[in-house]
Amino acid sequence: MIMGNRQEGLAAELHTRNHSLVAGLSEKIGGKDEGMNPHQIIEAGLAACTILTCQMYADKKGWPLLNTKVTVKITTEEVTGAVFQRDIVFEGDLTNEQKEKLLAIANKTPVYNLLTRSISIDTKLV
């Protein structure tokens, strides 16, 4: 669960457990660029989940995955949906088969699954 509060200007402070981050908007649209914008936070969630899930899988298999580099960008946003471009580089002495399996795992991560399914949001005024 994330708890959020407005900070000064167009910024939001977000908290979960012992962690926090500040989200902001660019100066171009009236913010002060205090942190990642909300779209970038969604992109970051997909990137982080990809990196962590692939590393957990490689560790479990004993594969020499040294690093996973992930770039995510929302490239299209329309009423009918959005398109994310995700580029992945696996570093380490991995076979092509291991890289293909890690790519398949990347397409089954919890955040990937969440973003590729139908989502509904139940909003309540409290």
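The rules we used
- Residues numbered from 1 in each chain as written.
- Predicted model: local features only at pLDDT ≥ 70, side-chain atom pairs only at ≥ 80, totals over all residues.
- Heavy atoms only, no water.
- Helix = DSSP H or I, 4+ residues; strand = E, 2+ residues; numbered from the N terminus.
- Rg over C-alpha atoms; globule rule 2.2 N^0.38 Å.
- Buried < 20%, exposed > 50% of the residue type's maximum accessible area, 1.4 Å probe, protein only.
- Areas by Shrake-Rupley, 256 points an atom, 1.4 Å probe, with all protein chains shown as cover.
- Pairing = 2+ DSSP bridges.
- Axes fitted to C-alpha atoms, helices over the stretch in contact; angles between N-to-C directions.
- Salt bridge = Lys/Arg side-chain N within 4 Å of Asp/Glu carboxyl O.
- Expected span 1.5 Å × (residues − 1).
- Contact = heavy atoms within 4.5 Å.
- Polar contact = N/O pair within 3.5 Å; in protein donor to acceptor, adjacent residues only side chain to side chain.

Some words on the overall build of the protein chain
In step 1: Counting its secondary structure elements, the protein chain contains 3 helices and 5 strands.
In step 2: When the helices and strands of the protein chain are read in sequence order from the N terminus, they spell out β-β-β-α-β-β-α-α.
In step 3: In terms of overall size, the protein chain is more extended than a compact globule, its C-alpha atoms giving a radius of gyration of 17 Å where 126 residues would be expected to give roughly 14 Å.
In step 4: In terms of its C-alpha atoms, the protein chain occupies a principal-axis envelope of roughly 50 × 35 × 30 Å.
In step 5: Relative to its full complement of 126 residues, the protein chain shows a buried share of 22%.
In step 6: When the accessible surface of the protein chain is totalled, it reaches about 9,400 Å², and 55% of it is carbon and sulfur.

With respect to the pairing of strand E3 (residues 19-24)
In step 1: The pairing of strand E2 (residues 11-16) with E3 spans 6 bridges and is classified as antiparallel. Each residue of the ladder has a partner; that of Ala11, found in E3, is Gly24.

A word on the sheet that holds E2
In step 1: Reading across the sheet, the 3 strands line up as E1-E2-E3 and stay open at both edges, with antiparallel pairing between neighbours. A strand with exactly one partner marks an edge of an open sheet, and here the two such strands are strand E1 (3-6) and E3. Recorded for the sheet is a direction-independent mean angle of 20° between the axes of neighbouring strands.

Topic: the pattern of salt bridges
In step 1: In the structure shown here, the tally under the stated rule is 2 salt bridges.
In step 2: Across the pair Glu91 and Lys69 runs a salt bridge, and its minimum N-O distance is 3.1 Å. Highlighted residues: Glu91 in strand E5 (residues 81-92) and Lys69 in strand E4 (residues 65-78), separated in sequence by 22 residues.
In step 3: For Glu91, a relative accessible area of 26% translates into the label partly exposed.
In step 4: Note that Asp122 is salt-bridged to Lys124, the shortest N-O span being 4.0 Å.
In step 5: Residue classification places Asp122 among the exposed positions, given a relative accessible area of 63%.

Describing helix H1 (residues 38-61)
In step 1: Taking 1.5 Å of rise per residue, 24 residues should cover 34 Å, and H1 covers 35 Å from first to last C-alpha, within 8% of that figure.
In step 2: Buried within H1 we find Glu43, Leu46, Ala47, Cys49, Thr50, Thr53, Cys54, Tyr57 and Ala58.
In step 3: In the core, the buried residues of H1 are packed alongside E4, E5, helix H2 (96-106) and helix H3 (110-115).
In step 4: One side-chain oxygen at the N-terminal end of H1 lies 2.9 Å from the backbone nitrogen of His39; it belongs to Asn37.
In step 5: Just downstream of H1, Gly62 is the residue with a positive phi angle, here 75°.

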